[in-house]
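Architecture at a glance
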Amino acid sequence: MAETTTVAPTALPKGFRGAEQGWPRLDRIPHPPRRIPLLGDIVGADRRTPVQDSLRYARQLGPIFRRKAFGKEFVFVWGADLVADMADESRFAKHVGLGIANLRPVAGDGLFTAYNHEPNWQLAHDVLAPGFSREAMAGYHPMMLAVARRLTDHWDRELAAGQPVDVPGDMTKLTLETIARTGFGHDFGSFERDRPHPFVTSMVGTLSYAQRLNSVPGPLAPLLLRTATRRNEADIAYLNRTVDDMVRTRRTTGGGDGDLLDRMLETTHPETGERLSAENVRRQVITFLVAGHETTSGSLSFALHYLARHPEIAARARAEIDQVWGDTEVPGYEQIAKLRYVRRVLDESLRLWPTAPAYAREATRDTEVAGLHPVRRGAWALILTPMLHRDPEVWGADAEEFDPDRFDAKAVRSRAPHTYKPFGTGARACIGRQFALHESMLVLGLLLRRYDLRPDPAYRLRVTERLTLMPEGLRLHLDRRVPSGPVTAPVAVPDEVTPDARCPVHRADD
Ligand code: MNH
């Protein structure tokens, strides 16, 4: 698939190839002991689980390390001081490389995959950011509820049939329907299908393909991945067709009520009066359909796993839900953010398993990382978020334990900035953060209020990787919850806003 946008490469010093040139003191950065000529650090590595392999290397090698595969050397960073230093936007910026660059054939200069210097990034950011304001979110709320209702209808049926529920499968249906409806007025009918919608199959196909491209030597990719490449081209064509149909329908019948697609098609930039091009709209729709559901579905799934495993935590969350929602059948927009403990459960799930498990930062000038590691302009590293989130210096010796109280207000205040980064950092941090949090808290609230969750005692958490993380094979048994006595009237909780809830895009510590 040809890209229609011409893209200047990130400005690199002439002849710049990789870590060898960009990190002049590479000798200070440890690598795994058993390097194999040409192949690199492949002992004990599995191409299906690059993130989990990197966590193992991280534990052996410390806060900054490198891995070499097929002649390419990558630097990984996870120590809290180093990560905080690389969050400095005056010296570092997002790097579009590795997995993300591999998505360019699908997502082009859409928000997620755009290079920093591409004018379409700022244009789309300015046009779409209001779609994630509080007011916009309040508008999505009823649609989110309607989709959650389809999930509970489905779970009620499974329960009646004595069947366990397929958590990742159903969370994916839920989050896809949510972003499709709220963003684009589209209905994929996921809950009416036995198998995933072909859009999901194609999307997962392109994500897995993008990840695989990293694990084969560049020049050999066309040969080794011939069948997969053909499959990938078909997937991309299918994604494009689906999106083009959605856009055509909207252009002819209208009726988006100011949703994301309306913004993409109609809104002009407040200062320049510019509009997104038709090709760019296509890229953005695919971007939002993918970025807007895959990661959220993973984080909901992990949260449900931990809730099922920790009945005392689930009980505390339920008590809060009963107290804040009372017997209101349908929670209002304002009643979601008040579920403080549910929010901590979610934060803690995203700490252990940040479902977008890495982001890349590049030096925008010659500088040093934490005063120790000189870097040339253009040099970059991957921030390994799951390991940052387990740094014992920040999170303590019990960092591997699931404990939502790590996110009570006092504990949060006592930690240094930039130690918790599930949504990335800086100007290119996640635009959909509030959207994901609102949707997830709403759904967890509804599910915990309605069901008791029983884990399969034989299940051991297994995490699959396809750029994003997802618990594999997670099934839960449900019991319909017996309402606990007379429920009290909703309790007024002060409308205190968490510091980062104010701006839909940028947070206080960015
Ligand atoms: Mn989201 C960027 C994580 C939900 C749309 N998202 C990012 C980044 C991370 C991330 C990390 C930064 C990547 C980088 O630096 O290269 N996002 C998440 C997680 C969830 C999530 C963990 C859910 C949980 N994201 C969502 C939702 C949407 C969305 C929901 C849309 C409705 N995310 C985006 C877009 C970007 C992004 C768009 C790119 C923003 C930009 O570069 O301007």
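Residues numbered from 1 in each chain as written. Predicted model: local features only at pLDDT ≥ 70, side-chain atom pairs only at ≥ 80, totals over all residues. Heavy atoms only, no water.

Points about the packing of aromatic side chains
- One pass over the structure, following the stated rule, counts 12 aromatic pairs.
- Taking the centre distance of 5.9 Å and the plane angle of 20° together, the rings of phenylalanine 132 and phenylalanine 288 count as stacked. One end of the pair, phenylalanine 132, is in the loop between helix H6 (119-128) and helix H7 (134-160); the other, phenylalanine 288, is in helix H13 (residues 278-291), and 156 residues separate them in sequence. The same class applies to phenylalanine 132 and to phenylalanine 288, which are both buried.
- Arranged with centres 6.2 Å apart and planes meeting at 65°, the rings of phenylalanine 132 and phenylalanine 435 form a pair that is edge-to-face. Taken together, the positions of phenylalanine 132 in the loop between H6 and H7 and phenylalanine 435 in helix H21 (residues 433-450) put the pair 303 residues apart, joining distant regions of the chain.
- For phenylalanine 132, a relative accessible area of 2% corresponds to the buried category.
- Under the relative-accessibility criterion, phenylalanine 435 is labelled buried at 4%. (Phe/Tyr/Trp six-rings, centres within 6.5 Å; stacked < 30°, edge-to-face > 60°. Helix = DSSP H or I, 4+ residues; strand = E, 2+ residues; numbered from the N terminus. Buried < 20%, exposed > 50% of the residue type's maximum accessible area, 1.4 Å probe, protein only.)

As for the sheet that holds strand S12 (residues 475-480)
- Here 3 strands make up an open sheet; going across it, the order is S4-S12-S9 and the pairing antiparallel. Edge positions in the open sheet fall to strand S4 (165-166) and strand S9 (451-455), since each of these has one partner strand only.
- Summarising the sheet, S4 and S12 pair through 2 bridges and their orientation is antiparallel. Bridge assignment links valine 165 to a residue of S12, and that residue is leucine 476.
- The strands that H7 touches are S4, S9 and S12; relative to S12, the one it contacts most, it runs at about 90°.
- With respect to the sheet, helix H14 (residues 294-309) is in contact with S9 and S12, its orientation differing from that of S9 by roughly 85°. (Pairing = 2+ DSSP bridges. Contact = heavy atoms within 4.5 Å. Axes fitted to C-alpha atoms, helices over the stretch in contact; angles between N-to-C directions.)

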